[in-house]
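Each chain, written out:
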Amino acid sequence: MSRRIRIFDTTLRDGEQSPGASMNLEEKLEAAKQLARLKVDVIEAGFPISSPGDFEAVKTVAQQVKGPSIAGLARAVNEDIDRVWEAVQYSKKPRIHTFIATSDIHLERKLKKTREQVLDIAVAAVRRAKGYCEDVEFSAEDATRSDVDYLCQIVEAVIDAGATVVNIPDTVGYAIPDEFGKLIKTLFKRVPNIRKTTISVHCHNDLGLAVANSLVAVRAGAGQVECTINGIGERAGNAALEEIVMALGTRGDLFGKTTGINSQEIYRSSRLISDLTGLVVQANKAVVGSNAFAHEAGIHQHGMIQDRRTYEIMDAQAIGLKESRLVLGKHSGRHAFEAKLRELGHHLSKEELDRAFIRFKETADKKKDIFDEDLEAIVSDEVSAIPEKYHLKCMNVFTSLDGMPTATLKITTDDGAELVESGIGVGSVDAVYKTIDKLIDLPHELIDYIVKAVTGGTDAFADVTVKLGDDGSIYTGRGTSLDIVEASAKAYLQAINKLVYYRAKRSSKDGHVEKARL
Ligand code: KIV
Ligand code: ZN
């Protein structure tokens, strides 16, 4: 049995199915390039038949991203399979991933087909995909609630039809580790041609067991694990890539397996996906949460000073985090600042660097300690590909106990105009948002507003994410500042700038942009 476990990343397909997490083409391409740096084996770039936008994204990733295999998802129908091939054919390593449900509940209630009919459809789908490319993956959707005899039968049939990978998804996150491990072992025992294929697993996290189930399946013989960055995905999400990779690495003594992942890129990948989707990573999230390598208790700190291994089973540097936190201060110059950003993996243009350096200096004047996370927040705030139509020039907010929160704002526009207005709200942020709405008359819906502190302490950076809806599309804005109201205003304006940009692009003749979440 091979020692190498293949990592199939589905952040851009299943991950993107997380409510509110959709990415546009440029964002998907940026994420896919990062996944290539992370050295995943397969990138599932999307579901091409689902929308023209998804088709374009898969095609662009196939054309531009080198290294991993590029897969697209297809139901077991000709039209879907043909569409996947149209998109992935540009990759050096294309894969068609086709699926159909195999559990009785899906057959009876959703597909309204018999087991025999579904088996025939699965075989026909694999054969059609095989007509296009060598690498074909078949998934038996809802495998963990399927009849085991029937599952063995269908797995054998699709392998005979040429499936190079057969995936056993725990689609609804129903399996318990013991039981899932047994299922994989049963397949290895009972399917005679199983060694001709790679068995893959794809676990959802409805009971918080996605990673545990995936690991148990690896011990039972699975050679591919499907997962997403930060564990994002449909409902409670998918197995988290970073947790699987670090578990296999840290407990190599037990698993005896390796992956081809460049773990140094894990933290950067996590931050990028969080930035692009607006899905904030919880502080105590394993491996990539902001507290994952933080030690608070005195006893722990004492142990750490003697020997890091007393309380740490992984090295923060292994995932690309820098342990040396307090490096930059207000006396640091531009060269040191630039060098530090490079060290963190940010290669900024001169203009971006100028903006980021001004923000850094302002921050260093107000805040004692500048951590790597603060720098990451500055970069994510200042470096945006979307042109800034509206810029927050100045803001006064007045609030008092029993009073009426009032905001006065000056916003400049890219054509040199200065807009000034005041407004009242139920709170400071509400007053600011109402004033911005008065200044910029742009119908939209505020869908979400999330605040988090990037680093600890009362002088922490506030990191605000705002989602605006406009005619079926969602625009995500992110703002960071030492002041929560300022961060909120910036996030709101960034989302508005995106909305204005994409609305104009959509209405222009050649600026073809699908309804999307941006
Ligand atoms: O969860 C699932 O079953 C899936 C399949 C399409 C692989 O996402
Ligand atoms: Zn799934």
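Computed from a predicted model, the values in this text were never measured in an experiment. Every chain is numbered on its own, with residues counted from 1 as its sequence reads. Chain A is the first chain written and ligand 1 is the first ligand written, with later ones labelled in order. Residues qualify for local features only when their pLDDT is at least 70, as the model is predicted, and side-chain atom pairs are given and counted only at 80 or more; totals for whole chains, interfaces and linings, by contrast, use all residues. Side-chain numbers come from the whole structure's heavy atoms, not from hydrogens or water.

**Student:** Tell me about the site of ligand 1, residues and numbers included.
**Tutor:** By convention in these notes, a residue is near a molecule or strand provided one of its non-hydrogen atoms lies within 4 Å of it. In the vicinity of ligand 1, the contacting residues are R13, D14, H97, F99, S139, E141, N167, P169, T171, H202 and H204. The term polar contact refers here to a pair of N or O atoms within 3.5 Å; inside protein, the definition further demands a hydrogen-donor-capable atom paired with an acceptor-capable atom, and it admits residues adjacent in sequence only when both atoms are side-chain atoms. One of the side-chain nitrogen or oxygen atoms of D14 is found 3.0 Å away from an oxygen atom of ligand 1. The method behind every accessible area is Shrake-Rupley, applied with a 1.4 Å probe, and residues are considered shielded solely by the protein chains displayed. When ligand 1 sits alone it has 260 Å² of accessible area, and the protein chains cover 94% of it. Under this grouping Gly is polar, as are all residues other than the nonpolar Ala, Val, Leu, Ile, Met, Phe, Trp, Tyr, Cys and Pro and the charged Asp, Glu, Lys and Arg. Of the residues assigned to the shell around ligand 1, the class counts are two nonpolar, six polar and three charged.

**Student:** Would you mind going over the coordination of the zinc ion (ligand 2) in detail, with residue names and values included?
**Tutor:** Tetrahedral coordination by four donors places them ideally at 109.5 degrees to one another around the metal; octahedral coordination by six donors ideally gives 90 or 180 degrees. In this structure, D14 (OD), H202 (NE2) and H204 (NE2) serve as the protein donors to the zinc ion (ligand 2), at separations of 2.0 to 2.1 Å. Donor residues for the zinc ion (ligand 2), ordered by position in the chain, follow D-x187-H-x1-H. A residue pair is termed long-range when its members are at least 10 positions apart, and D14 in the loop between β1 (6-9) and α1 (25-38) and H202 in strand β7 (residues 198-203) qualify at 188 residues. Owing to a relative accessible area of 2%, D14 belongs among the buried residues under this scheme. Only protein chains enter the accessibility calculation, which uses a 1.4 Å probe; a residue whose area is less than 20% of its type maximum is buried, one above 50% is exposed, and one in between is partly exposed. A residue is classified by how much of its surface remains accessible, and H202, at 4% relative accessible area, is buried. Distances decide who is a donor: an N, O or S atom must be within 2.8 Å of the metal, or within 3.2 Å for Na, K and Ca. Water is not included, so sites may look incomplete. Secondary structure is summarised from DSSP: a helix means a run of H or I of at least four residues, a strand means a run of E of at least two, and numbering begins at the N terminus for each.

**Student:** Go over the state of the cysteines with me, naming the residues and quoting the values.
**Tutor:** Cysteine sulfur pairs qualify as disulfides if the two atoms are within 2.5 Å. Counted according to the given criterion, the structure contains zero disulfides. Free cysteine: C203, not disulfide-bonded; nearest cysteine sulfur from C227 at 10 Å. On the basis of relative accessibility, which here comes to 0%, the residue C203 falls in the buried class.

**Student:** Quick one: what's the story with the nonpolar core, residue by residue and with numbers?
**Tutor:** What we call a nonpolar core is a set of buried Ala, Val, Leu, Ile, Met, Phe, Trp, Tyr and Cys residues that are connected through their side-chain atoms within 4.5 Å. Residues I43, V155, I168, F180 and I244 are the most contacted members of the largest nonpolar core, which totals 98 residues. Counting residues per element, this core draws most heavily on helix α6 (residues 148-160), which supplies eight residues. Residue ranges for the domains originate in an automatic or database domain assignment. For this core, the two domains that each supply at least three residues are domain 1 (3-277) and domain 2 (298-382). In this analysis, two residues are considered to be in contact whenever any of their non-hydrogen atoms come within 4.5 Å of each other. Every residue in contact with I244, bar those within four places of it in the chain, is listed here: I7, V211, S214, L215, V225, C227 and A239.

**Student:** Give me the confidence of the model for the chain: which residues, what numbers.
**Tutor:** Per-chain confidence: the chain averages 89 in pLDDT, with 91% of residues scoring 70 or above. In this model residues 509-518 is a low-confidence stretch, pLDDT under 50, and it forms 31 contacts with partners more than four residues away in sequence or in other chains. What pLDDT expresses is the predictor's confidence in each residue, scored from 0 to 100.

**Student:** Now, about the packing of helix α11 (residues 266-277) against helix α15 (residues 372-382): what can you tell me, with residues and values included?
**Tutor:** Two numbers describe how α11 lies on α15: the axes approach to 12 Å, and their chain directions differ by 40°. If you check the angle between α11 and α15, you find them oblique. Between α11 and α15 the crossing geometry is right-handed. In this structure, α11 uses Y267, R271 and D275 to contact α15, whose residues at the interface are E373, E376, A377 and S380. Angular values range over 0 to 180 degrees, each being the angle between N-to-C directions of two axes fitted as lines to C-alpha atoms, with helices fitted over their stretch in contact. Working definition: roughly parallel below 35 degrees, roughly antiparallel above 145 degrees, roughly perpendicular at 65 to 115 degrees, and oblique for all remaining angles. Left-handed describes a crossing in which the near helix is turned anticlockwise from the far one by less than a right angle; the clockwise case is right-handed.

**Student:** Summarise the side chain of T144; cite the residues concerned and give the values.
**Tutor:** The topology assignment puts T144 in the loop between β5 (136-141) and α6. Taking the relative accessible area as the measure of exposure, T144 reaches 17% and is therefore buried. Here the side chain of T144 touches D170 through a polar contact of 2.6 Å, side chain to side chain. Each residue touching T144, except ones within four places of it in the same chain, is listed here: P169, D170, T171, A175, F180 and L183.

**Student:** So what's going on with the sheet that holds strand β12 (residues 445-453)? Which residues, and what values?
**Tutor:** Two strands are said to pair when DSSP picks up at least two bridges between them. Spatially, the three strands line up as an open sheet ordered β12-β13-β14, and their pairing is antiparallel. This sheet does not close on itself; its edge strands, each paired only once, are β12 and β14 (473-481). If you compare each strand with its neighbour and ignore which way they point, the axes differ by 15° on average.

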